[in-house]
Amino acid sequence: MHVAIFGTGYVGLVTGACLAEAGNDVICVDVDAAKIEGLKRGVVPIYEPGLEDLVQRNRQSGNLKFTTDAATAIAHGEIIFIAVGTPPDEDGSADLRYVLAVARSIGEHLDHRAVVVNKSTVPVGTADRVRAAIAAALAERGSDASFDVVSNPEFLKEGDAVKDCMKPDRIVIGTSSAAAVQTLKTLYAPFNRNHERIVHMDERSAELTKYAANAMLATKISFMNEVANIAERVGADIESVRLGIGSDPRIGYAFIYPGIGYGGSCFPKDVQALGRTARGVGYTTRILDAVEAVNYDQKSKLFELMQQHFGGDLKGRTIAFWGLSFKPNTDDMREAPSRALVELLTAAGAKVRAFDPEARHEAERVFGQRDDLLLTDDAMDALSGADALAIITEWKAFWSPDFAKVASALKARVLFDGRNIYDPKVVEAAGIAYYGIGRGRSVTRPEFV
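Here we summarise the structure given alongside this text. A quick note: this is a predicted structure, and the numbers were derived from the prediction, not measured. (Residues numbered from 1 in each chain as written. Predicted model: local features only at pLDDT ≥ 70, side-chain atom pairs only at ≥ 80, totals over all residues. Heavy atoms only, no water.)

**Some points on the pattern of salt bridges**
Evaluated as defined, the whole model comprises 28 salt bridges. Linking Asp 25 and Lys 65 is a salt bridge whose minimum nitrogen-to-oxygen distance equals 2.9 Å. In this pair, Asp 25 is assigned in strand E2 (residues 25-29) and Lys 65 in strand E3 (residues 64-67), connecting sequence segments 40 residues apart. Here Asp 25 falls in the partly exposed class, since its relative accessible area comes to 23%. Residue classification places Lys 65 among the partly exposed residues on the basis of a relative accessible area of 35%. Here Arg 419 ties to Glu 394 by a salt bridge, and the two come within 3.4 Å at their closest N and O atoms. Of this pair, Arg 419 sits in the loop between strand E13 (414-417) and helix H18 (424-429) while Glu 394 sits in the loop between strand E12 (388-391) and helix H17 (403-409), and the two are 25 residues apart along the sequence. For Glu 394, a relative accessible area of 25% gives the class partly exposed. (Salt bridge = Lys/Arg side-chain N within 4 Å of Asp/Glu carboxyl O. Helix = DSSP H or I, 4+ residues; strand = E, 2+ residues; numbered from the N terminus. Buried < 20%, exposed > 50% of the residue type's maximum accessible area, 1.4 Å probe, protein only.)

**Focus on the pairing of E12**
The two faces of E12 match: Ala 388 and Ala 390 on one face and Leu 389 and Ile 391 on the other face are all buried. Two strands pair when backbone bridges link them, and strand E9 (residues 318-322) and E12 are joined in this way by four bridges, in the parallel orientation. Counterpart to Ala 320 in the pairing with E12 is Leu 389. Assessed by its sense of winding, the connection that carries the chain from E12 through H17 to E13 is right-handed. (Pairing = 2+ DSSP bridges. Right-handed = clockwise from strand over helix to strand, strands pointing away.)

**A look at unusual backbone geometry**
Phi at Arg 413 takes a positive value of approximately 50°, unusual for a residue other than glycine. Positionally, Arg 413 belongs in the loop between H17 and E13. Judged by relative accessible area, which is 38%, Arg 413 ranks as partly exposed. A positive phi angle, close to 55°, is found at Asn 420, a residue other than glycine. Topologically, Asn 420 is positioned in the loop between E13 and H18. We classify Asn 420 as buried; its relative accessible area is 5%.

**Observations concerning the sheet that holds E13**
With parallel pairing, the six strands of this open sheet are ordered in space as E11-E10-E9-E12-E13-E14. Whereas interior strands pair on both sides, the edge strands pair on one side only; in this sheet they are strand E11 (373-375) and strand E14 (433-435). Neighbour to neighbour, the strand axes of the sheet diverge by 20° on average, direction disregarded. Inspection of the sheet shows strand E10 (residues 351-355) paired to E11 by three bridges, in the parallel sense. The residue of E11 that forms the bridge with Ala 354 is Leu 375. Along the sheet, helix H14 (residues 337-347) contacts E9 and E10; its crossing angle with E9, the most-contacted strand, is approximately 175°. (Axes fitted to C-alpha atoms, helices over the stretch in contact; angles between N-to-C directions. Contact = heavy atoms within 4.5 Å.)

This is the structure we're talking about:
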């Protein structure tokens with residue numbers, strides 16, 4: 001099928017590459033000329049496991065092309081995806097200027113029947129606005145080109161986006177058009193063979209489904225962090241609690257890992273946007289407001305533990321960070337807990353030495369050049385001259401360090417485990433003081449069979 005995709009970020013590029021891999025003829029369009037020129041040369045601007053190989057293979061086969069020319073992409077596409085960003089506005093609502101700009105562009109150039117698919121995460125009612133924008137632009141031209149608008153939200157996890165696209169849990173199609181449903185069923189047939197994954201609903205329900213899914217996952221994270229803070233105060237071990245409740249199939253183990261808060265491009269933005277949508281119709285989201293508040297506070301948790309250990313005085317201390325990205329297997333630092341912690345520490349007079357396997361270039365862009373932050377080339381180099389080590393991101397490369405070497409490198413011999421990836425007994429046996437999330441001090445992890 002002939003597919004056009006507006007936007008070459010995480011959603012657009014991954015979707016385009018996966019659809020091309022299935023044999024479709026895909027053109028991705030973006031206003032960023034430098035990014036498009038790089039993609040034409042095979043330079044993938046984001047780190048996502050498996051994506052570079054997918055782009056390279058399909059670019060070379062001719063199934064995947066890139067352009068800055070919207071008219072060319074629209075003329076090509078029988079299915080036109082809108083996968084541009086919807087950043088939060090000042091009031092927390094989703095900024096739809098880019099989505100609506102693409103809609104107007106489609107109306108300005110469309111001369112054949114097409115299915116317009118909204119892949120961007122957008123507020124309820126956006127399909128109606130996209131439909132109106134396209135229709136208005138067509139009317140100005142006197143064109144009678146027909147089109148359908150479909151809400152088809154993405155459910156891609158950064159770090160697993162290619163796998164999620166190739167083997168989706170569900171494919172939500174929101175439209176009242178039977179013809180559009182059939183078109184998308186044909187497009188997604190290669191990803192829908194094992195069992196029926198398509199869930200058909202109306203546009204507004206599909207739009208709300210995306211926000212509700214992310215808000216639910218964010219709620220699980222904040223709930224578990226709140227329970228962890230209770231566990232710390234009553235002398236319980238949150239890791240025992242996690243295993244105890246996760247074994248209940250009604251709860252499950254996913255997204256109940258305590259830590260230092262969620263980040264990234266989705267959860268913070270979508271929780272805020274859903275709350276803003278609710279307020280717009282006169283409803284107060286007490287749970288969502290609490291989820292956001294707990295997450296905001298949790299990002300300072302390691303700072304509180306550091307102040308506790310060092311007697312409230314961090315001036316002149318150097319803290320080593322292992323990890324900067326908001327989660328493993330990505331270089332994304334949007335809303336990452338590391339960003340909040342760097343600012344808290346440096347404001348208190350401390351310095352930071354940090355290593356991340358993939359996010360160094362993004363960190364350089366985010367933080368710029370500064371005297372109180374040094375980005376290192378490997379994990380052990382980050383410990384040089386450091387008083388303490390903080391685990392910020394649970395990259396697999398950090399899971400099994402030589403604690404004897406860590407102990408000898410740290411001046412104050414203390415470790416702040418923001419992701420609870422270590423056994424406190426093992427760390428303390430190496431002569432390192434251990435602080436985790438909801439662990440208390442010198443707790444014992446249970447055997448679990």
